[in-house]
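Residues per chain are reported as follows:
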Amino acid sequence: MEARVSSGVLTKTQSPFLSPLCGRKLQSLRNMSTLTNTIHNHQFSNASLYLRSTFSSRTHGFKQAIKDDSREFELSSLTALSPLDGRYWGKVKDLAPYMSEYGLIYFRVLVEIKWLLMLSQIPEVIEVPSFSAEAQSYLLGLIDGFSMDDALEVKKIERVTNHDVKAVEYFLKQKCQSQPEIAKVLEFFHFACTSEDINNLAHALMLKEAMTKVMFPTMDKLVEAICKLAKANASISMLSRTHGQPASPTTLGKEMAIFAVRLSRERQEISQVEMMGKFAGAVGNYNAHIVAYPTVNWPQIAEQFVTSLGLKFNPYVTQIETHDYMAKLYYAIIRFNNILIDFDRDIWGYISLGYFKQITKAGEIGSSTMPHKVNPIDFENSEGNLGKANEDLTYLSMKLPISRWQRDLTDSTVLRNMGGGLGHSLLAYKSALQGIGKLQVNEARLSEDLNQAWEVLAEPIQTVMRRYGVPEPYEKLKELTRGRAVTKESIREFIVGLELPEEAKTHLLKLTPHSYVGAAVELAKTVDSAVNVINGSEVLETCR
């Protein structure tokens, strides 16, 4: 099922916003002078009288300017309280058809209509006879043709009812009055339902569609990009750093391969989370259903209905679906995000070391005062938004599974913020992708560091010494290398003086910091196979 936006169109004046502050809550937040009053009245107990009076006069001037300005602060990219709905709208708007209030209304409409269709197929519910093909087509057309104007009509009704789900019911009754068959059974819209029967299924469908249509494809692009980075640089030797100090060499590609596999593993975990739904009435017992139609197996009907929507049925609930699956989903996304933070920071560090250059773009400015700078802004943007996303997702994960007794209302307002965590995650993924696209390997710089780190060969030398029974190999290498400048010549001189078979000496003398990389090259070259094994299918064809 795909949310369809009619002729038009998600415009910025009517668009489905990701933040309820920019959508549902906008009216109560519009008066910007409230903010200036707060600033104006704030007391700075430790500041000087001069600073207080200067600040007071300037904020008074700002407040007066707003008061005198006849223009109302209507929502735009400049006045949006959430940057997702302002500055970053272009990068996250793909989520809007699913994670906005428009998306919530759309899926409520879908659930209400599908439930009426289900009632028409239950033999015992004789008051709702089977619909003709024409009537069914009419109902399904309301779903397929649902438009922004329809959503606005629902909001108009809500201003009267002050109840968002009831507004959807009234909207559908108005829409169906002209269809003779459906007009006879209008009161069976929302039959035996509590609002949460509709809402929990709508929320689950919102998440399912957003993950399937937007989040997973972007995650996969990210894994693909890192996979390509790994294979392209599989043989580029690089000095490792453990605890920030020179360590056994690796290859740049192998270090990238690690992230491709880690992210792929978590992406697979996310895809295994089943979106769940309930449809059991006011407290989860089918009370009203059974009173109206005692002979109907309502738990079975509910399960059929929920699974027909592509969701997993939850039979043990209160008024609400328990939201445990949401916590599981959000925690899985947090783990994916944490791995990407690790990637962002590593790439940031490699750029700082000069291992990567960044392809510049004409007209871009890295610093307002230092013209030479090309900052790793994409990876910094990604890291920052991942942190914000994880904060939002952590709160949702911690709060949503908790509800007093059979239900309290705290989950309702919190659920309106589902789009924020996904929005900041999506923005971060796209920023990381953009940054990866600008990377250019600086092989000369990588080679320079390796040439200055001959001490890293202490590990293979002492290991071969152990094999052939040379006493105190670790201690001998420690005396040679620790706290001393180690050169190619000093290492070779040490090897020549060892009591080792000539074959072993020859092998060690051929070693360089560039060649001492173990199986790193092969690990990087086969990363796509590892990723595909994790996912159970060859999902990264472009990595081949």
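Per an unreviewed UniProt entry, the recorded name for the protein is Adenylosuccinate lyase, and the organism is Gossypium schwendimanii. Under the UniProt heading Sequence similarities (unreviewed entry), the note attached to the protein is "Belongs to the lyase 1 family. Adenylosuccinate lyase subfamily."

Enquirer: Could you clarify how one ought to interpret the overall build of the protein in this entry?
Expert: What the protein contains, in helices and strands, is 25 helices and 6 strands. Across the 544 residues in the protein, those meeting the buried criterion constitute 49%. Taking all contacts inside the protein whose residues are at least 6 apart in sequence as the whole, residues at least 24 apart take part in 79%. Surface summary for the protein: the accessible area is close to 27,200 Å², and the carbon and sulfur share equals 53%.

Enquirer: Which parts of the structure should I look at to understand the pairing of strand β1 (residues 237–242)?
Expert: Successive residues of a regular strand alternate their side chains across the two faces of the sheet. As defined by bridge partners, β1 adjoins strand β2 (residues 245–251) across 5 bridges and the pair is classed as antiparallel. Bridge assignment links M238 to a residue of β2, and that residue is T250.

Enquirer: Is there a simple way to explain helix α14 (residues 298–308) in this structure?
Expert: In an α-helix there are 3.6 residues to a turn, and that puts residues three or four apart on one side. Inspection of α14 places W298, I301, A302, F305 and V306 among the buried residues, and these make up the whole buried set. Seen along its axis, α14 keeps its buried residues to an arc of 130°; they face one direction. Where the residues of α14 are buried, they touch α6 (101–119), α11 (195–232), β3 (276–277), α13 (287–292) and β4 (312–313). Of the residues flanking the end of α14, it is G310, one or two places downstream, whose phi is positive at about 85°.

Enquirer: Whenever I open this one, the layout of surface pockets confuses me. Can you help?
Expert: The method is simple in principle: a probe with the dimensions of a water molecule rolls over the atoms, and the space it marks as empty is what remains. Roughly 450 Å³ of internal volume is contained in the second largest pocket. In this structure, the second largest pocket is lined by 14 residues; those nearest its centre are P246, E455, V456, A458 and T481. Mapped by element, the contributors of at least two residues to the lining of the second largest pocket are β2, α20 (458–467) and α21 (473–481). For the lining of the second largest pocket, a count of residues per class yields 6 nonpolar, 4 polar and 4 charged. Each of domain 2 (203–279 + 316–361 + 372–442) and domain 3 (454–510) contributes no fewer than three residues to the lining of the second largest pocket.

Enquirer: Looking at this structure, how should I read the packing of aromatic side chains?
Expert: Both the distance between ring centres and the angle between the ring planes are used here to describe each pair of aromatic rings. Per the counting criterion, the structure on display carries 15 aromatic pairs. Centre to centre, the rings of W115 and F279 are 4.6 Å apart; their planes meet at 65°, and the pair counts as edge-to-face. Linking W115 in helix α6 with F279 in the loop between β3 and α13, this pair joins segments that are 164 residues apart in sequence. Judged by relative accessible area, F279 falls into the buried class, the value being 1%.

Enquirer: What's the story with the side chain of S264 in this structure? I'm lost.
Expert: Summarising the element assignment, S264 is placed in helix α12 (residues 252–271). The class of S264 is buried, set by a relative accessible area of 2%. Not counting residues within four places of it along the chain, the set of residues in contact with S264 comprises V223, V531, I534 and N535.

Enquirer: Is there a simple way to think about unusual backbone geometry in this case?
Expert: Note: most peptide bonds trans; most residues except glycine with negative phi. Here A192, not a glycine, exhibits a phi torsion of approximately 60°, which is positive. In this structure, A192 sits in the loop between α10 (180–183) and α11. Located in the positive-phi region is Y286, a residue other than glycine, with phi close to 60°. Counting through the fold element by element, Y286 comes out in the loop between β3 and α13.

Enquirer: Quick question: what am I supposed to make of the nonpolar core here?
Expert: The tendency in soluble globular proteins is for nonpolar side chains to be buried as a group. M99, W115, L139, L207, F279, W298 and Y330 are the most contacted members of the largest nonpolar core, which totals 135 residues. Of all the elements, α11 adds the most residues to this core, at 20 residues. Residues from two domains meet in this core; each of domain 1 (101–193) and domain 2 (203–279 + 316–361 + 372–442) gives at least three. Residues in contact with F279, not counting those within four places in the same chain, are V111, W115, C193, D197, I198, L201, Y286, H289, A302, F305 and V306. By size, the runner-up hydrophobic cluster in this structure holds 19 residues, among which are A458, L480, I495 and L500.

Thresholds, definitions, all that
Residues numbered from 1 in each chain as written. Predicted model: local features only at pLDDT ≥ 70, side-chain atom pairs only at ≥ 80, totals over all residues. Heavy atoms only, no water. UniProt positions renumbered as here; feature names shortened; annotations may be inferred. Helix = DSSP H or I, 4+ residues; strand = E, 2+ residues; numbered from the N terminus. Buried < 20%, exposed > 50% of the residue type's maximum accessible area, 1.4 Å probe, protein only. Contact = heavy atoms within 4.5 Å. Areas by Shrake-Rupley, 256 points an atom, 1.4 Å probe, with all protein chains shown as cover. Pairing = 2+ DSSP bridges. Arc of directions from axis to C-beta. 1 Å grid on protein atoms, 1.4 Å probe; cavity = no way out; pocket = protein on both sides within 12 Å on 5 of 7 lines; lining within 4 Å. Points joined across faces, edges and corners; volume = space filled by probe spheres on them. Nonpolar A, V, L, I, M, F, W, Y, C, P; charged D, E, K, R; others polar. Domains from an automatic or database assignment. Phe/Tyr/Trp six-rings, centres within 6.5 Å; stacked < 30°, edge-to-face > 60°. Core = buried A, V, L, I, M, F, W, Y, C linked by side-chain atoms within 4.5 Å.

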